[in-house]
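# Topology and contacts: notes
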Amino acid sequence: MNWRPLDRVVSIKLKLSVVIIGAIAIAAIVSTVGYLLNVPVLVRPVISATIGVAGMWLFAGGITSPLREMARAAGQMAGGDYDVRVTESSADEVGDLARAFNGMAAELAEVDQQRRDLVAMVSHELRTPITAIQANLENLIDGVSEPEPELLNRMLSQTERLGRLVAQLLDLSRLESGAIALERLPVDVGALVGLVVDEARLRHPDLLLETRVVPSDLQFEADAERLHQVLANLVDNAARYSPVDSSVTLDVAECDGQVTFRVADEGPGIPTDQLERVFDRYHRLAAARSRGDGEGTGLGLTIARWITELHGGSIRAEGVEPTGCRMVLVLPTEGRQ
Ligand SMILES: Nc1ncnc2c1ncn2[C@@H]1O[C@H](COP(=O)(O)OP(=O)(O)OP(=O)(O)O)[C@@H](O)[C@H]1O
Ligand SMILES: [Mg+2]
């Protein structure tokens, strides 16, 4: 039975007081009625005790049943069922415990889901290039194909992809466990942007990329290596997810103790309801998933956000009119220590 008449009472002490007062009242009423009806003296306490205990069971059930429910739920969770939840209707301390319990269960369910996603994603992402490399090597050993530059380059890019994925996963786990400490040193923003652009041009030879840094000699304290990683990912995304002949701009400006980096492209952009979600790990838009070039794991922006937040800054995605996407990265010039 799930009747909880005392759910609205805000503390256990008060609930127990209500139950005790109820029991005393019942005893008094039964004694008085028994006296008026001439019920024998020895029978009256038996009747009042029976009615009192029955009332106690009825009212106090709602006090202990949430605890039993939680013990049962904890057992189920230990067995791997994280979907189980307990009733939170009680307004007292047990209700607080039930709410905390449900919060913990939801968090555990999310962590469990992330672990499953990770295993599924890693095994899928690793299997594809490994299978391809293996097939190519077998063909080479069997003499079916010749070690021509094109084949070797393909195999090289597959191993590079494996290396990138492993590095990203390592980064993510180190960032999440807080094992990465930033090395803040004065960064020459113009030089850093130049480096990012040169590398992006190597990866995307047709890229039309314009840059602007104001003031041109801008310097601020940051972890150059990590900032480079974030900018490279943003430029890489802009190049990858927009048409070949469209242009990408990277501009940097300093204002009011903040350095703002904007990477804009003229591609299809990101739908409004996905602007936040693209920062979730492994989240890729359908268009990116269907590209079928095997590139991309959906970790780049997650890592970018972690690094940005470690710097005490923020990163967001915006839409651009008439079409395109703009990633805005804002970092404080005075680093958080
Ligand atoms: N400039 C952009 N234009 C359109 N979509 C974008 C853009 N940048 C990111 N996205 C979308 O956001 C998703 C997540 O980006 P993210 O950089 O996190 O992962 P990824 O590029 O798919 O893989 P990687 O881990 O190699 O970076 C992309 O898959 C893509 O769908
Ligand atoms: Mg990316």
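Before reading further, recall that the structure is shown in the block above.
Here we summarise the structure given alongside this text.

Here is what the cut-offs are and how they apply
- Residues numbered from 1 in each chain as written.
- Chains lettered and ligands numbered in written order.
- Predicted model: local features only at pLDDT ≥ 70, side-chain atom pairs only at ≥ 80, totals over all residues.
- Heavy atoms only, no water.
- Salt bridge = Lys/Arg side-chain N within 4 Å of Asp/Glu carboxyl O.
- Helix = DSSP H or I, 4+ residues; strand = E, 2+ residues; numbered from the N terminus.
- Buried < 20%, exposed > 50% of the residue type's maximum accessible area, 1.4 Å probe, protein only.
- Patch = residues over 30% accessible without salt bridge, like charges linked within 9 Å, V, L, I, M, F, W, Y side chains within 5 Å.
- Areas by Shrake-Rupley, 256 points an atom, 1.4 Å probe, with all protein chains shown as cover.
- Pairing = 2+ DSSP bridges.
- Near = heavy atom within 4 Å.
- Polar contact = N/O pair within 3.5 Å; in protein donor to acceptor, adjacent residues only side chain to side chain.
- Nonpolar A, V, L, I, M, F, W, Y, C, P; charged D, E, K, R; others polar.
- Axes fitted to C-alpha atoms, helices over the stretch in contact; angles between N-to-C directions.
- Parallel < 35°, antiparallel > 145°, perpendicular 65-115°, else oblique.
- Left-handed = near helix turned anticlockwise from the far one by under 90°.
- Contact = heavy atoms within 4.5 Å.
- Core = buried A, V, L, I, M, F, W, Y, C linked by side-chain atoms within 4.5 Å.
- Domains from an automatic or database assignment.

### So, the pattern of salt bridges
- Scanning the model with the defined rule gives 12 salt bridges in all.
- A salt bridge links Asp236 to Arg240; its shortest N-O distance comes to 3.2 Å. Pair noted here: Asp236 and Arg240 are both in helix H6 (residues 224-240), with a separation of four residues, about one helical turn. Note on accessibility: Asp236 and Arg240 belong to one class, buried.
- Linked by salt bridges that have partners in common, Asp112, Arg115 and Arg116 make up one network.

### A word on a nonpolar patch on the surface
- Together, Ile29, Val33, Tyr35, Leu36 and Leu37 make up a nonpolar patch on the protein surface, roughly 580 Å² of accessible area in all.
- Tracing the backbone through its elements, the reader meets Leu36 in helix H1 (residues 12-36).
- Relative accessible area serves as the criterion here: at 63%, Leu36 is assigned to the exposed category.

### Points about the pairing of strand E6 (residues 314-319)
- Bridge count between E6 and strand E7 (residues 325-332): six bridges; the pairing is antiparallel. When the bridges of E7 are listed, Ile315 appears paired with Leu329.
- Taken together, E6 and the strand that follows it, E7, pair antiparallel across an intervening segment of five residues, in which Gly324 is found at a positive phi of about 135 degrees.

### Things to note about the site of ligand 1
- Residues in contact with ligand 1 amount to 21 residues; listed here are only the nearest, Asn237, Tyr241, Asp265, Arg284 and Leu301.
- At 3.2 Å, a side-chain N or O of Gln168 approaches an oxygen atom of ligand 1.
- Asp265 is positioned with one of its side-chain polar atoms (N or O) 2.7 Å from a nitrogen atom of ligand 1.
- In isolation ligand 1 offers 590 Å² of accessible surface; the protein chains occlude 97% of this area.
- Listing elements by their share of the shell around ligand 1, those giving two or more residues are H6 and helix H8 (300-310).
- Per-element accounting of the shell around ligand 1 gives the leading share, four residues, to H6.
- Class assignment for the residues of the shell around ligand 1 results in nine nonpolar, nine polar and three charged.

### Digging into the packing of helix H3 (residues 93-142) against helix H4 (residues 149-176)
- One way to put it is that H3 packs onto H4 with a least axis distance of 10 Å and a crossing angle of 155 degrees. With respect to each other, H3 and H4 are oriented roughly antiparallel. The hand of the H3/H4 crossing is left-handed. Counting all contacts with H3, which are made through Leu118, Met121, Val122, Glu125, Leu126, Pro129, Ile130, Ala132, Ile133, Asn136, Leu137 and Leu140, the residues of H4 involved are Leu151, Arg154, Met155, Gln158, Thr159, Arg161, Leu162, Leu165, Val166 and Leu169.
- Taken together, the residues of the contact of H3 with H4 break down into 16 nonpolar, three polar and three charged.

### As for unusual backbone geometry
- In this structure, Pro215 follows Val214 across a cis peptide bond, with omega equal to -5 degrees.
- Relative to the helices and strands, Pro215 is located in the loop between strand E2 (208-214) and strand E3 (219-222).
- One non-glycine residue, Asn38, adopts positive backbone phi at about 60 degrees.
- In this fold, Asn38 is placed in the loop between H1 and helix H2 (43-78).
- If you check the backbone angles, Tyr282 has positive phi at about 65 degrees while not being a glycine.
- Take Tyr282: it is sitting in the loop between strand E5 (258-265) and helix H7 (286-289).
- In this structure Tyr282 comes out as buried when scored by relative accessible area, which is 17%.

### Side note on the nonpolar core
- If you look at the biggest cluster of nonpolar residues, it comprises 50 residues, and the most contacted ones within it are Leu227, Val252 and Phe261.
- The leading source of residues in this core is H6, at seven residues.
- When residues of this core are sorted by domain, at least three fall in each of domain 2 (121-176) and domain 3 (185-332).
- The next biggest cluster of nonpolar side chains, apart from the first, holds nine residues, and it includes Met70, Met77, Val84 and Ala105.

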